[in-house]
Amino acid sequence: MSQQKKRTPRGPLGTQGHVVSPGQIKIGDMVGFDGVFFEITSMSGGTAHKALHFRDREPITVCGPLLVFRKIEYTPVLGEMVYSRPSA
């Protein structure tokens, strides 16, 4: 039997999964519940535990590592030319 590589599950398009501790969670991170992803809008607590608040879901309390999805930051390729037109 071949062993499968342990991979991070897929998240929303344009995001990348990270397993983080409660102290590393940021507002704007997304958390998945049964295939539906909710963005963290606010949070309270310390570095050992946090209460995460969402717009369309009840809050949850996190006391250990959590899989969150963060938006991938795109940077322009070096040497790329960007054209713009002066406004008239």
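Details of the structure are given in the entry above.
Residues numbered from 1 in each chain as written. Predicted model: local features only at pLDDT ≥ 70, side-chain atom pairs only at ≥ 80, totals over all residues. Heavy atoms only, no water.

Student: Give a detailed account of the pairing of strand β3 (residues 36-45), specifying residues and quantitative values.
Tutor: Sheet analysis places strand β2 (residues 30-33) next to β3, joined by 4 bridges and oriented antiparallel. In the strand pairing of β3, F33 is matched with V36. Bridge count for β3 against strand β4 (residues 50-54) is 5 bridges, and the pairing is antiparallel. Bridge pairing in β4 places G45 opposite K50. Two successive antiparallel strands, β3 and β4, enclose a turn made up of 4 residues. (Pairing = 2+ DSSP bridges. Helix = DSSP H or I, 4+ residues; strand = E, 2+ residues; numbered from the N terminus.)

Student: Pulling in residues and values, what's your account of the side chain of K50?
Tutor: Along the chain, K50 turns up in strand β4. For the buried K50, no salt bridge is present, and the opposite-charge side chain at shortest range is D29, 9.6 Å distant. In this view, K50 contacts P22, G23, M43, S44, G45, I60, T61 and V62; residues no more than four positions away in its chain are not counted. (Buried < 20%, exposed > 50% of the residue type's maximum accessible area, 1.4 Å probe, protein only. Lys, Arg positive; Asp, Glu negative; His and termini not counted. Salt bridge = Lys/Arg side-chain N within 4 Å of Asp/Glu carboxyl O. Contact = heavy atoms within 4.5 Å.)

Student: Could you give me a rundown of the nonpolar core, with the residues and numbers involved?
Tutor: One finds V20, I25, V31, F33, F38, I40, L52, F54, I60, V62, L66 and V68 forming the largest nonpolar core, which totals 12 residues. Listed by contribution, the elements that provide at least two residues to this core are β2, β3, β4, β5 (60-62) and β6 (66-71). Discounting chain neighbours no more than four positions away, the residues touching V62 are P22, I25, A48, H49, K50 and L52. (Core = buried A, V, L, I, M, F, W, Y, C linked by side-chain atoms within 4.5 Å.)

Student: Tell me about the packing of aromatic side chains, residues and numbers included.
Tutor: Going through the model one piece at a time under the given rule, you end up with 4 aromatic pairs. On the basis of an interplanar angle of 55 degrees and a centroid distance of 5.9 Å, the ring pair of F33 and F38 is categorised as tilted. Neither residue differs from the other here; F33 and F38 are each classed as buried. Between the aromatic rings of F37 and F69, the centroid separation amounts to 5.3 Å while the plane-to-plane angle is 85 degrees, which identifies the pairing as edge-to-face. Of the two residues, F37 sits in strand β3 while F69 sits in strand β6, which places them 32 residues apart along the sequence. (Phe/Tyr/Trp six-rings, centres within 6.5 Å; stacked < 30°, edge-to-face > 60°.)

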